[in-house]
Amino acid sequence: MQFVPSPQLVRPLLAATLFTFAQIAVAQNGASINDTACFLAGLPVSAGSSLEPLTRDPAWQQHANFFNQAWSKLEARQLQGIRAWQAEYLPETTAPLPVVYYMFSGPDLLYAEQFFPNASVYILAGTEPIGPLPDVLRFGPGALDSVLRNLETALNSVLSFSFFITKDMKTDLEHEELKGTLPIFYVFLARAGKTITDVSFITLDKLGIPDLSSLSARSKAYTPGVRITFLSSEGGTAQTMFYFTTDLSNDGIKSQPGFMKFCETYDIGGSFLKSASYLMFVDGFSTVRSFLLNHSKVIVQDDSGIPVSFLSPEKWQLRLFGNYIGPIDLFKQNLQPQLQVMYSQSNAPPIDFGFGYRFSRKETTLMSAVRK
């Protein structure tokens, strides 16, 4: 008989396992985790930090200026509009939620946190690697410039267009200086005003239970991940983000089932889908699609997420925003005639920010589905 872990079993095991990983994480980096995040985000580090001398390097000062300007533009162009839209049309996304699922996310914690700012847990998944703990102290003054420029390049598309370009990310995240998604998570959290308290590597076995023995073996049957805990700037509310590198196709889940087993230990919450490559339009991704439909009470997405044909009016209250002119040419085969009709028959409110592949405000498609 197969043993299926209950949430009551998985979570204590996870906590115990992560405590061990946390000691490893802290020991490998000479600077504090939060100071490293601030440094990479171009923000001041704490007084007396071992990173403080590097903030006097012209390369870092140029980097800080880059991010200050980029975030100021992002705030005016995107984030203010998202908050205004939430307040008027979907305040339930700002209410406390036990969990938010963001499949096909890559390292895009930025928009998950903007649309669902008060989730206790964020669970993200993509094919991008996690990478090692960022350790900028190992770079000499001469090498720092290229390290920081590469990070700016990796973040360029999401800062400009709201989404990561997958093929570019694969290249950007393989630079030997700062590999993987962790540096990007650090930047997003620091710029959101969060204080990172712990970064812990985890690995899930086939039942979704953290497994210490897989740390060295890294068997293909196991799912590598990272947990980041952080505090909000207002009131010090503790929040947790998990990111797992995994294949979300049906075949991928069958060969590496730990991630979905892990997700099943969490409650029904919110789901966020953006620039998801229309993967859930095909039967090969039916498992993750069904999971989201069964474990969400609110879904926020563009047209690349779950097709509207699966959001039946008997179960879901669907609200449309912006406009729908169909997918970009790369995905033109995923046109939804049903969604075209729905937009033509509704008076969809415009939105004041870009979202998804159709980044122009006049072309952006945004919808919310609330379970009845």
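Residues numbered from 1 in each chain as written. Predicted model: local features only at pLDDT ≥ 70, side-chain atom pairs only at ≥ 80, totals over all residues. Heavy atoms only, no water.

**A word on the environment of Asn-34**
Its place among the elements puts Asn-34 in helix 2 (residues 33-40). In this structure, the C-alpha to C-alpha distance between Asn-34 and Thr-195, residues 161 residues apart in sequence, is 6.2 Å. Apart from residues lying up to four places away in sequence, Asn-34 is in contact with Lys-194, Thr-195 and Ile-196. (Helix = DSSP H or I, 4+ residues; strand = E, 2+ residues; numbered from the N terminus. Contact = heavy atoms within 4.5 Å.)

**Considerations on the nonpolar core**
Membership of the largest hydrophobic core comes to 71 residues, with the highest contact counts inside it found for Phe-39, Phe-115, Tyr-122 and Ile-228. Ranked by residues supplied to this core, first place goes to helix 3 (residues 58-89) with 10 residues. Phe-39 has contacts with Val-45, Leu-51, Leu-54, Thr-55, Trp-60, His-63, Val-136, Leu-144 and Leu-148, leaving out every residue within four places of it along the chain. Residues Tyr-101, Ala-125, Leu-204 and Met-280 belong to the second largest nonpolar core, which totals 31 residues. (Core = buried A, V, L, I, M, F, W, Y, C linked by side-chain atoms within 4.5 Å. Buried < 20%, exposed > 50% of the residue type's maximum accessible area, 1.4 Å probe, protein only.)

**As for the environment of Pro-224**
Mapping Pro-224 onto the fold places it in strand 4 (residues 223-231). Assessed through its relative accessible area of 24%, Pro-224 is described here as partly exposed. Here the alpha-carbon distance between Pro-224 and Thr-246, two residues 22 residues apart in the chain, equals 7.7 Å.

**As for helix 2**
Counted residue by residue, helix 2 has eight buried out of eight residues, so it is predominantly covered. Remark: Gly-42 follows helix 2 within two positions and exhibits a positive phi of approximately 75 degrees.

**Some points on the packing of aromatic side chains**
One pass over the full model with this rule turns up 28 aromatic pairs. With centroids separated by 4.9 Å and ring planes inclined at 75 degrees, the aromatic side chains of Tyr-102 and Phe-272 adopt a geometry described as edge-to-face. One end of the pair, Tyr-102, is in strand 1 (residues 100-103); the other, Phe-272, is in strand 6 (residues 269-273), with 170 residues separating them in the sequence. As far as the burial class goes, Tyr-102 and Phe-272 line up, both buried. Centre to centre, the rings of Tyr-278 and Phe-281 are 5.2 Å apart; their planes meet at 75 degrees, and the pair counts as edge-to-face. Overall, Tyr-278 belongs to the buried group, its relative accessible area being 3%. Positioned above the aromatic ring of Tyr-111, the side-chain terminus of Lys-274 is 4.7 Å from the ring centre. (Phe/Tyr/Trp six-rings, centres within 6.5 Å; stacked < 30°, edge-to-face > 60°. Lys NZ or Arg CZ within 6 Å of the ring centre and 35° of its normal.)

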